[in-house]
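Fold and contact review
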Amino acid sequence: MAVLNELFPRSRTALGPGAVHVPDWLAPEAQLGLLEACREWAGPPAGLRVVRTPGGGSMTARQVCLGWHWYPYGYARTVVDGDGAPVKPMPPWLAGLGRRAAEAAGHDVEDPYDIALVNFYDADARMGMHRDSDEKSDAAVVSLSLGDTGVFRFGNTQTRTKPYTDIELRSGDLVVFGGASRLAYHGVPRVLPGTAPPDLGLTGRLNITLRVSGLTEDR
């Protein structure tokens, strides 16, 4: 399948150097296509799972990976902290979507996007402040939102604390961060239940994060 018909960006907001928020980037039909794909990826094997942290805790957002399987704090080709199955492949159309998203935000990306992290947030889920620092590539990170509105906290590269900016990411919104903001701390302190577009048929929030790994088969 292919997710097409992204909207031409009507506006954009700078979150930092190299970091941009583009509202309504995905048209409604593109959101439906991406949601359908996420539902397929969530099924076993190598499906949606609870991510366990090294300290014995667990993330409240559940996750499924494509291309490379992320676990705290590394990558593998199998679900090392789940059912042990090979990670699902990264679809070429999704890699292409990532490239178009990066270009829409003013970033040139040489290597193909080969990682997708799909996080599902229910009403009580959140994501603490963290950096996407396990990749070997400094290519811009692409983030797409579906479903309920999420409060996205975008910070600085030095600390998890202030200064940071809170914005609301609605279904179809795009965030891209690269360059000087590539390693900025960011998180999702809360989700706003019941705010998804009714036609989408989704309760909760999906975030699809696309990255360039810079990894080889032997990592």
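Residues numbered from 1 in each chain as written. Predicted model: local features only at pLDDT ≥ 70, side-chain atom pairs only at ≥ 80, totals over all residues. Heavy atoms only, no water.

Quick word on a negative patch on the surface
On the surface, Glu 103, Asp 108, Glu 110 and Asp 111 cluster together into a negatively charged patch. Among the secondary structure elements, Glu 110 is positioned in the loop between helix 2 (92-104) and strand 6 (115-121). (Patch = residues over 30% accessible without salt bridge, like charges linked within 9 Å, V, L, I, M, F, W, Y side chains within 5 Å. Areas by Shrake-Rupley, 256 points an atom, 1.4 Å probe, with all protein chains shown as cover. Salt bridge = Lys/Arg side-chain N within 4 Å of Asp/Glu carboxyl O. Lys, Arg positive; Asp, Glu negative; His and termini not counted. Charge placed at Lys NZ, Arg CZ, Asp CG, Glu CD. Helix = DSSP H or I, 4+ residues; strand = E, 2+ residues; numbered from the N terminus.)

Some words on helix 2
The end-to-end C-alpha distance of helix 2, which contains 13 residues, comes to 18 Å, matching closely the 18 Å that a straight helix rising 1.5 Å per residue would cover. Restricting attention to buried positions, one finds in helix 2 the residues Trp 93, Leu 94, Ala 95, Leu 97, Gly 98, Ala 101, Ala 102 and Ala 104. Buried-residue contacts for helix 2 involve helix 1 (28-42), strand 3 (62-66), strand 6, strand 8 (141-147), strand 11 (174-177) and strand 13 (205-211). Downstream of helix 2 by a residue or two, Gly 106 has a phi angle that is positive, lying close to 90 degrees. (Expected span 1.5 Å × (residues − 1). Buried < 20%, exposed > 50% of the residue type's maximum accessible area, 1.4 Å probe, protein only. Contact = heavy atoms within 4.5 Å.)

Looking at the sheet that holds strand 13
What the 7 strands build is an open sheet, ordered 1-2-11-8-13-6-3; its pairing is antiparallel. Both outer strands of the open sheet, strand 1 (13-16) and strand 3, are each paired with one neighbouring strand and no more. Here the average twist between neighbouring strands, direction ignored, is 20 degrees. Direction of pairing for strand 3 relative to strand 6: antiparallel, over a ladder of 5 bridges. Looking across to strand 6, one finds that Arg 62 is bridged to Phe 120. Across the sheet, helix 2 is in contact with strand 3, strand 6, strand 8, strand 11 and strand 13; its angle to strand 8 comes to roughly 105 degrees. (Pairing = 2+ DSSP bridges. Axes fitted to C-alpha atoms, helices over the stretch in contact; angles between N-to-C directions.)

Structural notes on the sheet that holds strand 12 (residues 186-192)
The antiparallel open sheet is built from 4 strands, whose spatial order is 7-12-9-10. The open sheet has two free edges, formed respectively by strand 7 (127-130) and strand 10 (165-169), since each of these has just one partner strand. Between one strand and the next, the sheet's axes are offset by a mean angle of 25 degrees, whatever the strand orientation. With 5 bridges joining them, strand 9 (residues 149-154) and strand 10 adopt antiparallel strand pairing. Of the residues in strand 10, the one forming a bridge with Val 151 is Glu 168.

Thoughts on the state of the cysteines
A full pass over the atoms with the stated rule returns 0 disulfides. Left without a disulfide partner, Cys 38 is nearest to the cysteine sulfur of Cys 65, which lies 12 Å away. (Disulfide = S-S within 2.5 Å.)

Observations concerning helix 1
Helix length check: helix 1 (15 residues) gives 21 Å between terminal C-alpha atoms against 21 Å at 1.5 Å per residue, within 8%. Within the sequence span of helix 1, burial applies to Ala 30, Gln 31, Gly 33, Leu 34, Leu 35, Ala 37, Cys 38 and Trp 41. For helix 1, the elements touching its buried residues are strand 3, helix 2, strand 6, strand 8 and strand 13.

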